[in-house]
Structure formats: structure tokens, C-alpha cells
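# Structure assessment
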Amino acid sequence: MAQEEEALGKAVDRRLIGRLLGYVRPYRWTVVFATIAAALQSATQIVGPYLNKVVIDRYLFPSPDAHNLFGSYLPQDAFRGVATLGVLYLAILGVGFVLDFGQTYAMQWVGQHSMYDLRTQLFAHLQRLPISFFDHNPAGRLVTRVTNDVETLNDTISTALVALFDDVFVLTMIVVVMIRFNWQLSLITVGVLPAIFLATHYFRKAVRESYRRIRILVARINVFLQEHITGMAVVQAFNREEQAYREFEQINKGYCKAWVDAVFAYSVYYPVVEFLSILAVTLILWFGGLKVMHGTLTIGIVFAFIQYTQRFFRPIQDLSDKYNTLQSAMASSERIFKLLDAPLDPVRPAAAVPLGPGRIEFDHVWFAYAGEEWILRDVNFVVEPGSSLAIVGHTGAGKTTMISLLLRFYDVQQGRILLDGVDLRDYDLRQLRQRFGIVLQDPYLFTGTIADNIRMDDAGITEAQVQAAERDANLADFLATLPQGDATALRERGSGLSTGQKQLVNFARALAANPSILILDEATASVDTDTELKIREALNRMLAGRTSILIAHRLSTIQRADLILVLHKGVLREQGTHQELLRQHGIYWRLYRLQYKDQELPAAAGVPQPVVSP
Amino acid sequence: MSWALFKSLWPYLRRYRLRLALGLGILLVNTAVFVLIPYIIDLAIDDLGQGATLAKLLKYCLLLMATVSARAVLNYYQRLILITVSRLIEFDLRNDLLARLETLSQGFFQKFRTGDLMARAVNDLTAVRNMLGPGIMYSAQAVVLFGYVVTILWHLDWRLTLIAFVPAPFVSLAVQWFGKRIHERFERIQSMFSNLATRVEENLSGLRLVRAYAREPVEEAKFDQLNRDYVQRNLRLVLLSGAFDPLLQFLLGVAYVLVLWFGGRAVLEHRITIGGYAAFNLYMAQMAFPMIAMGYVINLVQRGAASLVRLQELLHQTPDIADGPEADAGIATLRGELEFRHLSFSYNGVPVLRDVNLKIPAGATVALVGPTGSGKSTLVSLLPRLLDTPPGMVLVDGRPIREIPLRVLRSSIGWVPQETFLFSDTLRANIAFGRPEASDAEVEAAADIAGLGRDVADFPEGYQTRVGERGLSLSGGQKQRTALARAVLRQPRILILDDALASVDTITEERILEKLEGVAFRRGGQCTTLLISHRISTVRNADFIAVLEQGRIVEQGTHAELIGRGGAYAGLYEKQLLEEELARVD
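The rules behind each value
Residues numbered from 1 in each chain as written. Chains lettered and ligands numbered in written order. Predicted model: local features only at pLDDT ≥ 70, side-chain atom pairs only at ≥ 80, totals over all residues. Helix = DSSP H or I, 4+ residues; strand = E, 2+ residues; numbered from the N terminus. Rg over C-alpha atoms; globule rule 2.2 N^0.38 Å. Buried ≥ 20, exposed ≤ 12 C-beta atoms within 10 Å, placed from the backbone. Contact = placed C-beta atoms within 7 Å. Nonpolar A, V, L, I, M, F, W, Y, C, P; charged D, E, K, R; others polar. Pairing = 2+ DSSP bridges. Axes fitted to C-alpha atoms, helices over the stretch in contact; angles between N-to-C directions. Parallel < 35°, antiparallel > 145°, perpendicular 65-115°, else oblique. Left-handed = near helix turned anticlockwise from the far one by under 90°. Core = buried A, V, L, I, M, F, W, Y, C linked by C-beta atoms within 7 Å. Expected span 1.5 Å × (residues − 1). pLDDT = per-residue confidence, 0-100.

## Thoughts on the overall build of chain B
Helices and strands together make up the secondary structure of chain B, namely 20 helices and 10 strands. What you see for chain B is a C-alpha radius of gyration of 36 Å, clearly larger than the 25 Å of a compact globule of 586 residues, by over 25%. In terms of its C-alpha atoms, chain B occupies a principal-axis envelope of roughly 115 × 60 × 50 Å. A total of 586 residues make up chain B; the buried ones form 44% of that total. Long-range pairs, those at least 24 residues apart, make up 80% of the contacts in chain B between residues at least 6 apart in sequence.

## A closer look at the overall build of chain A
When helices and strands are tallied, chain A shows 21 helices and 12 strands. Whereas a compact globule of 614 residues would reach a radius of gyration of roughly 25 Å, chain A reaches 38 Å, over 25% beyond that. Overall, the C-alpha framework of chain A stretches about 125 × 60 × 50 Å when taken along its three principal axes. Within chain A, contacts between residues separated by at least 24 positions form 78% of all contacts whose residues are at least 6 apart in sequence.

## Section: the interface of chain A and chain B
In this complex, chain A contributes 127 residues to the contact, which on the side of chain B involves 122 residues. With 29 residues, helix 10 (residues 241–293) of chain A is the largest single contributor of residues to the side of chain A that touches chain B. Tallied by class, the residues present in the side of chain A that touches chain B amount to 75 nonpolar, 37 polar and 15 charged.

## Description of the pairing of strand 8 (residues 528–532) of chain B
All names here are of chain B. With respect to burial, strand 8 is a largely interior element, 5 of its 5 residues being buried. Summarising the sheet, strand 3 (residues 365–369) and strand 8 pair through 4 bridges and their orientation is parallel. Residue pairing across strands places L368 opposite I532, the latter belonging to strand 8. Relative to strand 8, strand 7 (residues 494–498) runs parallel, the two sharing 5 bridges. Within strand 8, the position partnered with D498 by the bridge is I532.

## Some remarks on the sheet that holds strand 3 of chain B
Residue and element names in this part refer to chain B. One open sheet accounts for 6 strands, arranged 6-7-8-3-9-10; its pairing is mixed. Two strands bound the open sheet, and with one partner strand each, they are strand 6 (413–416) and strand 10 (552–557). Strand-to-strand twist in this sheet, taken as the mean axis angle between neighbours without regard to direction, amounts to 15°.

## Topic: the packing of helix 3 (residues 28–45) of chain A against helix 7 (residues 139–181) of chain A
Residue and element names in this part refer to chain A. Where helix 3 contacts helix 7, the axes come no closer than 9 Å and their chain directions differ by 45°. Between helix 3 and helix 7, the angle falls in the class oblique. Crossing handedness for the pair helix 3 and helix 7: right-handed. Of helix 7, the residues touching helix 3 (which contributes T35, A38, A39, S42, A43 and Q45) are V162, F165, D166, F169, V170 and M173.

## Brief notes about the pairing of strand 2 (residues 374–383) of chain A
Moving residue by residue along a regular strand, the side chains alternate between the two faces of the sheet. Across 6 bridges, the pairing between strand 1 (residues 360–368) of chain A and strand 2 of chain A is antiparallel. By the bridge assignment for strand 2 of chain A, A368 of chain A is matched with W374 of chain A.

## Quick word on the nonpolar core
Counting residues in hydrophobic clusters, the biggest one holds 328 residues, and the most contacted among them are I284, F305, A508 and I564 of chain A together with L368 and I496 of chain B. Contact partners of I284 of chain A, with chain neighbours within four places excluded, come to L185, I188, V302, F305, I306 and T309 of chain A.

## Some details on helix 10 of chain A
Side chains of residues three or four places apart in an α-helix project in the same direction, reflecting 3.6 residues per turn. If you check helix 10 of chain A, its first and last C-alpha atoms are 76 Å apart, about what 53 residues at 1.5 Å a residue would give, namely 78 Å. The positive-phi residue at the C-terminal boundary of helix 10 of chain A is G295 of chain A, with phi of around 75°.

## Topic: the sheet that holds strand 1 (residues 338–347) of chain B
Strand order in the open sheet made by the 4 strands is 2-1-4-5 (chain B), with antiparallel pairing throughout. On the outer flanks of this sheet lie strand 2 (350–360) and strand 5 (399–400) of chain B, each paired with one strand and no other.

## Some thoughts on the confidence of the model for chain B
Across chain B, pLDDT averages 87, with 96% of residues at or above 70. Here the predicted complex carries an ipTM of 0.84, next to a pTM of 0.79.

## Side note on helix 4 (residues 47–60) of chain A
Residue and element names in this part refer to chain A. In this model, helix 4 (14 residues) spans 18 Å end to end at C-alpha, consistent with the 20 Å of a helix rising 1.5 Å per residue. Among the 14 residues of helix 4, 11 are classified as buried, and the element is accordingly described as predominantly covered. The complete set of buried residues in helix 4 reads G48, P49, N52, K53, V54, V55, I56, D57, R58, Y59 and L60.

Okay, structure coming up:
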């Protein structure tokens, strides 16, 4: 993962830029406005030295042959002339201020809105990706795509890109004005450029090497800290404090050294650029001065050149910074688009299937998460409407997979699963899932109130239904002890509740929509004796009169089911009722015997009515 | 930044006081050279106006070259010295931070989450370093430059200086007014940003439920609300931040206008020369960047100060578990007799253990069972003193645990934690974590006992295989067996297995436990074992089983006794048995 995050590609990738522009297109007129504003604004930026030149050549040190764009409009009187130019300058600055603000706001507006669109698209995409996608992509990384990566892009669009335009406009205008003043002198300024580019090139090379080391070492520092903070108890219990400190110091030293090298590069680069820019000023002073002495150039122009030259190099330095921003934006967009390109589940457009009574059939079902590693092999069984099914099997036998298939989190490779005689793949996905009430093994709770969690934000579930669900799930007693009842807000992941209480909330959630089919993957975590009793009671009530499928871990729960499946390594080894399975003298019978071997053994194939300990 | 806060940095600054002094000295000279440049241009332009000679022009040009060369050298050293110091202090602070964390107990690590600690060690440290490096350098430079420029301009024409600096107080007002508000809005946006991230995270964690209940549209609506709010907030920030920069530019522009207008008048009135007029313009340009940067620098310092507070909060934590005066240096080995005496323990105000009484003779195997959250792990964490209790509640070899030197206590314990934790290193380094000096043979023997030997043979580089991030990813069972080998290699007197083999299948686990017992016997049966497990097959052979519920021991006895009683243990037995026996089916 870290490698993927670190990889930096080119700063300009046409394919990516083309795709990014697609997000800006809806706001293109705003962009056009911003660009025009930026161009006008940069004109106001270069007006200062020009007005200085006018003031000097016309009033302060009058040169008769000076050409001025608007010389004829200016008053003859020097004092009034200076004041007029001052007011003009102030007015231009005011306009510049308005344009600058307008342009910034417009581009930020575009950036924010297009990033809003992108985030919405990403989130919606995540809601539609197949479950298998999430098996390979950790949640943390996906969160980064929607948040940080989009943010990086936004920075680029609304800040870097604008500054880039700005810089280019300003540079162009300076060059144009300088050439108009005196093309020979402007050659000096432009002539220093190759030296600057060369310096920048070497600087970037040196810094890139340092940054490469820095990135690696930052990752190492992060991993080290992460590991040693999480595993501090292990460090302490094994007396490893000193050694860990020494290791950390080593990495840290390398990191510090890498930065000092980068600082060295900066310490050389900045002075060199400044040196070159003052060198240009000196050359202008020399050649310009010579021309002034020969009377072929005015002082005002020499001074304007000096001022322009100083302003010339700042945008160029900026440009190389922008390159880095652009590069990381490209890396971010590459990752974002990779996520957006992940293929969605094939949606089979389905004619609405009429609601049936809830008959489930597995018809020669084969399934593997990957390749030929079959999790289920040729599984066949039927659950009649209103009856209950219990699945027995060891961890990894394929029990939970069967539930995932029923909910169509995955599709079967061979065979088919039928609900009321219709293949699951012919159902509308949402309509299909709404038929089930589900309790997953991990009792997950969302942020919100307990009632929100039961209702799952389904506005169609009435207050009365929620309360009925709470009663049936044996949750009411517990809620009564809370001052705000089911309106109590849950802390992060329901951290205030015990495991058992979370399970009961999940039960209530499954019941609230009054589903025709109940699916229950019993949690393995053990709970205290009181809660255990509550859960059992609730279970009994919930199963009554519904088609239900449950993965259970207690024979006492299982033996009440209408049909019991014994699943072993993906193969359905036995199926039947409790009585039938006992008569088979197979796996189930052995389990049953084992469980009660400490008590009196029932007669081998007789009708057992053991005393089940609560 | 408050004085007290600054003083807390003094020990670090002190270490580099000579370099700092040198760096700031160079900065003084460097800035002085910097302000010479406009001055030379000023002289040159004056002379040009009065009909200069070639020699004079050459002199100015050479002077400029000399100045700018000196400037380049000084600039180089100034940056190198001052910024490097900030990197060195960052280095020191980061080391000190880890050293401090190493002395803190699990109580601390429960209070501060890993993410929070990481943020402090990474982001806050960066902010402090930025304050110390660029923060100090740029603000010192701005102050010195301001001083020099004002002095020079005052000498040229004090009235024009006053006029030219009219925008200055407005700049400082704007920086303060905007700075504060932008900061506030920015903070709020940051917290909204993390809300957004939390929302996505929660959606992905509850993914299967969202899909199962077909709640995607609701989830999208919820996300949309946050997304919309986030955009609105950002645009409100832009209203300020988008005006701030143009406003600064405008105010600086006003200074130019004033120089053009009133400086022009001054030239016409012959109070200053044309060169002086140019100098005013050039000095304004020199001041422009530090002025604009002031907002940025103030921000650096503010963030740095806030981060420093957060860092100090960690650096000033008192080590909560350490040898006290009661530690008896005479104790070098332990027998392994354990006792909990009326032990009650609370964690952040929540009682976790209540009046636990348990005496374990040296060499015995005791199993602890009970639901999650019943206090089992907390109970065993008290033995290596990862958590501390009030005195007298935990005794080892009949003596209060605090009398035993921490090093002796911990090196006598082999602890296999519930959440297996391995480090990104070689397999060998992980096994030899508690005894880096152990021989290869010893490491291999420990691995064999833990049932890991055969797996290692299949690894590409055997014991030198790197595991963890960027290495081979081990299965849950392999990880747990590695952690067990790590504990076994210490040849502990007390072995703690905190649900340590849950990911290993039942049959392998039994085999490992048998081997462990054999080893213990070879050493004279002196290893006291505490076993936490949900598996009946694991605990049934223990000398003694204690059942915990909500921090209390509710049942105790041997397996047979507890089954006979038909209580909590018997209930657990029923639930577990099925799964365990199914695992045995072929």
C-alpha cells in the first residue's frame, strides 16, 4: 500500500488531465470568467513600473524624446501630473483588487463544486461495487480516495492552476512591455533565463534524490511509531525499551540527514537565483547606463527595466513549485480514477418478481471466492415457507458463505439459488434484499440513536413497529434503564454497550421491517449468563412462524429446527430433522452423543429427550 | 506564544545556542548587505541623471556584483545553519517522545489512541519544527530588514518615509483580523473534513449491513448532506482568504502610489534626488515580500505553539510504572507463586475487577474463562505490571509485586497477548525479541515447541524471512505461534497465554500445550501457567479453572466439578463443544 501512496508519476499526463477537465466542464463559463479576470489582473500587476517610467521621463527628469502611450492626455503642470498619475495608479489598484478577488473566488467555487461532484460520484460508486472488491481493498485506503486524494486535486485546481495562469500571464506581459521599451535590453533579462533553468534543473535533481530518501524514511518512521505505540505493551513486557530507542534513533538520524541534504540544496539554490537576478539588474544598469550616456535611452526606462527584472524571476521560481503540486495531483487523480474504473456488479434488468411466500432452494450450488478453491460443493436443499433451517459446521465449513450467497453479495459459479422458484439473479437486487431480515455475526452499530439503528433510516417503519421489535428482541428491559430509552445516542460503534446488548439491538433491527425471511448468523462471542438467557428467549420468539435460516452454535437451538444441515468442508454431509439425523448415526449423532456424554447417554437410536441445561 | 511555553523549548535551543547565535549574527550582516543593493542603484541613477562617466558606471556595477556575491555566500550560511538547527531539534524531540512513551503504562495508551499519538509525533512535531526553522528565520529577517530600511529611508527623507508607511498599520491590522478568522474557519473545516472521512469509514465498515438492508440511497443522502455542508463552509472560508491576499497586495500597492505621488512631489521640490525616488521604490519592493510573508509566518508560529502544547502534554507525562523506593534490588529470580488478594481495579473510572481472590502455587496451571469484557485480560496484565494496582493486591512469591524490580519481574514472565503483535522484522528477530542474544539453536527449539518449526521450513528465507508490512504475511495461527515462541524463548517462570492460540486449530493447540508441559517438566515443572481461553478442550486439563463474569470470579474448580455444577461454565461448554468436535470430523 505504502508503495502505491508513494509513487509519483509525471506532472502532466494528458489522459488524466482530459478526464479531470470533464469535472470542470459543467462550470466552464465560470472558468472563462476567472481566466479573463486573471489576465486583466496581471495587467494591473505590471502597471506600477510603467507609471514610474512615465513619471520620471515626463516630470521628474523630462526627456523630450520619450514616447508615452497616453502622454497627450497628461497635464503639463508637473505637480498636477504627478497627482493625476497617483490617482490613476490607485484606481488601477482598486480594479486589480476586485479582479483578483473575483478570480480567486470563481476558481475556488469551481474547484469546490467539481470536487463535490467527484466525491458524490466516488461515494455512490462505492455503494455499487461488488462485495468482493472490498475483500481486497482495505477500508482505510478507500476513505483516503474520497477524502485526501480529492482534497489534493482541489488544491491543484483552485490554487495551483490559477497561480500558474497568473504567472504565465504576468511573465508574458512583462516580456511584451520590455520589448516595446527596448528589445536589446530585454535580451539581457531573457538571456539570464537559461542559467536559471539550468540551476533549477540541478536543484530539482538534488532535491528529488533527498525527497526520495525522505519519503522512504518517513514511511519507516511511521511504521516504527505505529508498531511501537500499538505494541508498546510487548516492548515493555519483553524489556526492549532501550533497543527500540536505539533503532528509532538510527532511522530518525537518517531522516534528519536526508533533510539536511535537502536544506543544503535549498541553501544553494535560493542564493543562486537571487545572484542571477541581481546579475541581470547589474547588466541592465551597465548597458542601459551606457545608452543613457549616449542619450539613446531615458532613465525612466532603465529604472522600469530594473523593476521588471526583479519581478520577472519570482514567477519563475513559483513555476517550479507548481510542478511538484501538479505531480502529486496527477498521482491522486490516477488513484481516484482507478477506483472509479473498478467494474460494478452486472445488473440484470429485471421485471418485478411478485412477492412469494418465501421458499428457498439451493440447486447444485458450487462456489469459490477464487479459482478452484471450492467453498461450497454441489449443495442441494429446500427450505419450505414458514419453516426453519439450521446449519451446523466448523469454522470455515462455508456456513457464512451460504448467507452471503443468499443475499447475493456474491454470485454462484455453478448451479443456482431460487427464491420462490425464481433465480436470485433475476431479482432486482434491492427488492431481493428487502425480503430478508438479517443478523450478521458481527453486531455492527452505526453512529446515531438506538432507534436509528433499529430503523436503519427506513422512514416506512413506524414508531409502533420499532417498539414491537424492541419487545420481541428482549431489548425493552435494557432500554428502560436508559434515561433516554431508544433515543439514546450511541458512541463510536456503540462502545457503551456490551456485546450482548449489541446483539439484541441487531435482533430488533432484523425484526423491525417484519421480514418474511429471517437470516441469523449467531455471534460466537460468549456473553454473560443473564444476557445469554435473554438472547435465547428472543430467538425463540423471532423464529416463530417465519421462514428462517440460522447458523447456530448450540445443539439446544439447533434441534428445534425443521431442517438441519451438517456442512463439512463445503460438502453437505447430512440433512434432516433432529430425529432423522440421530437415527443416521453420522456426524450429528456423534456430536450429540459427545455433548451429553457427561450425562446419561440416550439409548442409541431411541427417541432422545435429553435435559438441556439452560 | 506564552513565555512558559517558550521556556519549555529552552533545553533544546540551548543545545544549539552557538549555532543559533552564529546563524542570527549572519542574518544581521546578510540583511545589511541586502539593503545595500537599492542604495547602490540609487547612487548610480543619480549619477546617470547628472551625466555619469564610464568609470563611475563601472564602479557601481562592480560594487553591485561584490554585494550580490557576498550576499549569496551569507544567504547560503544563514539558511543552512538556521534551518538545520530546526531539523536537529526535531530529531531530539522525536527521540525524547519515544523515550517518554516507552515509560508509560497501558492506562495511558488506553486514554490516548494510536492515531492521536501518531498525529502528535508526526504532524505536531512538523508544526513545531516549522515554527523553529522558517518561523524564526523569516520573522527575524523581517524585523531586521524593517529596522534597516526605515533607518535608511528616514535619512533620505523622513516626511516621505512617514507617508510611505501609512499602509503599514493597516497591513498589520488586516493580518491580525483576517488571520484570526481564517484560522477559526479553517479549524471548523478541518473537523468537517474528518466528519466526512468518518462517514465514509463507517459506511465501508458496515458495508454488508448497508447492502443487506438496501440502505444505499439513505447512505448517499447522508453523505451528500455532509459533502454539501463541507463545500458551503469552504466557500465561506474563501470569502475571507480570497480577499486577504488581494487586500495585502492592494495595501502594498497603496505604498507605491504614495511614493509615486508624494515622492514625485519631493523630487520636484528638490527635497530628494531622482535616485532617492528610485531607492524608495526599490526598498518598498524589498519590504513587500517579508510583509506578505508575515501572515504566513504568524500562522506558522501560532500553529507551532498550539502543537507544542500538544507535544508537551506527552513529554510531561510522568512515567507511571517504574521501580519505586520499595523495590528490593536483592531479588534476582522468581519461583512463580502468584496471589491476587481482594483485588479490585478500575479503568478510567469503570470497575473492571471486583474483589478477586486467587492463589496460584508455583508450577500450577490455572485457566481463566468468561465472556469478553469480564476482566480476564486485565487480570493477567497486572502481572508484568502493564497496569498497576493499589499496593498489596497482587503478590508474587508472597511479596507485594512492587518490591520486585521491574526488570526481574518482566524477564521472568512469558506473555502471549490476546492480540498477537509482531514487528516488521525477520522471523528470527521477532522470536528473539526478548533475548536478542539467543543462539540459533535456541530460537529453533522455541519455534519447535510453539509448533512453528515446520512452517518455517516452507518460508523462502527460513528464519531470516521478513514478516509484517512489506514482508511475508503470516496466517493468524502462524502469528500466534510466533508470539508463543517469543515467550517460550525467555524460559519464563510464569507463562501467560491470553487466548493465545485461538487461531490455531484445536488439535494443533492440544499438541502445542502438551509440548509446553513437557518442557516445563524438563525444567523441573517450575513454570506457572495462566491460561485464558474460550475453548473447553484447552482449559479442561488445567489444575484449576476460574470463571469470571463482570470482573468477579463466579465459579471455580476443576473441569469435572464445574460441569457437575451446571452453571456458567457448563453453558459455555455446550456452546463450544459443537464447534470443537466438528473440527475433528474428517
